[in-house]
Every structure is written in structure tokens, then in C-alpha cells.
Amino acid sequence: WYKVYWSDKTDSELIKKLKSEWIDIIIWENSERIDNTFDKIIYTEAVPKTQSELEKSIKLNLNVITYPESLALIANQKQLIAVAWTHWKSTTTSIISIMLKDSKLWTNSLVWSLLKEFNWKNVYFSNSNNFVLEACEYKRSFLKYHPDIAIITNIEIDHLDYYKNLDDYILAYRQLIDNVKRGWYVIINWEEKNSSTLIWIRQDIEYITVHN
């Protein structure tokens, strides 16, 4: 068993649920909580390195990893479906997750929305070898994952605080396809112009093209 600590900028329904499960959560930050007894420090890449808790963790030479890196430690051991595009990731991830959960295959899932099918949580765990997750493109975070199936249905420029331009943004999705395991699948939108440029760029995986 591990004791889990958390800090966040704002309160939310998810935070309230996590508090009810005895996770020690504060709103904002408090570097006084950080010491050498911590096994692992996990942070979202949206957090600046100047955040006091993260800054202290680095100074103490603790095991500091990003959220995608930590999730990849689990997800990459499973049969992974990574849902990655600019819009509607949560909707599609939710649909796939619920379908698998209610089937004989079951699943593990992480969605960025609270689902009534998950008892109003955003995660679901089982003994299944399947894992479905939203794969965020911010700072190329989704390149930490090595999916069996990648789903891309639209690509529209975003996160210009990191990406240089649309070509750089599309390149990140090309790199995600490079991460798909040999012999497995990419499901991609034939009719969306940016997504369609990524069809058949590899010969050792299968493409399923979606037409309206």
C-alpha cells in the first residue's frame, strides 16, 4: 500500500471523490510536505518547473517523472488502445471503454470525464489485459505510449505554446503512428485532410479508414 498525496490549482468533483478515498489533497501547493521519504513524484507537464513542490523534489533528487511516463509504465504492459486527436477524445474513449467493460473482454480505462458507468469516476480497473486511454498530444506526451491500436479522427492545430506550426503538430501524430506495434492497427479518418496525410505511411501495420 502507498500513501498518496496530491496538489491541484482548483477543486473539482474528481478531487472530492479522491478525498473520500483518503488521498491527501491540498488546493494550491506546499513544498513543506516534500521530503526524502517520497518514493515517486508524478507531475503533469502543464506544471512549470518553478512550482515549489516540483522544484523541491528535483533538488532532493527524488524519482520525478511525468504523468504520461507513469501511466505508460502500466498501459504499455497491456493491450493498449490509445485515442488521440484534437477534439472529442473523451467521448470516443468513453464509448470504447463502456463497450469493452460490458463485453466478455472487459477493460481497464482512463478517461478525462466522470462516467456514471464507472460509478462517477474517470477510471475503471479490472483483470482484463485491455487498456483504453486518452493520449494527450501536449508536448508530445502521447509518444510515451506504444499502442496496439491508435485512433486518430481529426487533427486541428493546438498547443501553439509548444508546437511550431501545423506541420510540427501533424508530425507528432506521425510519430505516434511510428509507435504502434508491428502488425497492429491505426483507425483514421479518410475524409479529414490532416489525418488523411498519415494513411499508409507504414507497411507493417493495418489501417482502418473511416468514411462518413
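The preceding data block contains the structure.
The rules we used
Positions within a chain are numbered from 1, following the residues in the order the chain's sequence is written. A pLDDT threshold of at least 70 governs which residues receive local features in this predicted model, and a stricter bar of 80 or more applies before side-chain atom pairs are shown or counted, although totals over entire chains, interfaces and linings include all residues. Side-chain numbers here rest on the full set of heavy atoms in the structure, without hydrogens or water. The numbering of helices and of strands both runs from the N terminus, where a helix is a DSSP run of H or I of at least 4 residues and a strand a run of E of at least 2. By definition, residues are in contact when any of their heavy atoms lie within 4.5 Å. Only centres within 6.5 Å qualify two rings of Phe, Tyr or Trp (six-membered ring in Trp) as a pair; their planes then separate them into stacked at under 30 degrees, edge-to-face at over 60, and tilted for everything else. The buried label applies to any residue whose accessible area, calculated with a 1.4 Å probe on protein chains only, is under 20% of its type's maximum; exposed applies above 50%, and partly exposed to all values in between.

Draft legend 1. Looking closely at the environment of Val83. Residue position: Val83 is located in strand E5 (residues 79–83). With 68 residues separating them along the chain, Val83 and Ile151 place their C-alpha atoms 4.9 Å apart. Once residues within four sequence positions are removed from consideration, Val83 is found in contact with Lys89, Thr92, Thr93, Ile96, Val132, Leu133, Glu134, Ala135 and Ile151.

Draft legend 2. Seen up close, the packing of aromatic side chains. What the rule picks out here adds up to 8 aromatic pairs. For the ring pair Tyr169 and Tyr173, a centre distance of 5.4 Å and an interplane angle of 65 degrees mean the geometry is edge-to-face. A residue pair is termed a helical-turn pair when its members lie 3 or 4 positions apart in one helix, as Tyr169 and Tyr173 do in helix H5 (residues 166–179) at 4 residues. For the pair shown, Tyr169 and Tyr173 are each scored as buried. Between Trp184 and Tyr185 the ring centres are 6.2 Å apart and the planes differ by 85 degrees, which places this aromatic pair in the edge-to-face class. A residue is classified by how much of its surface remains accessible, and Trp184, at 28% relative accessible area, is partly exposed. By way of ring pairs, the aromatic residues Phe142, Tyr162, Tyr163, Tyr169 and Tyr173 are connected into one cluster.

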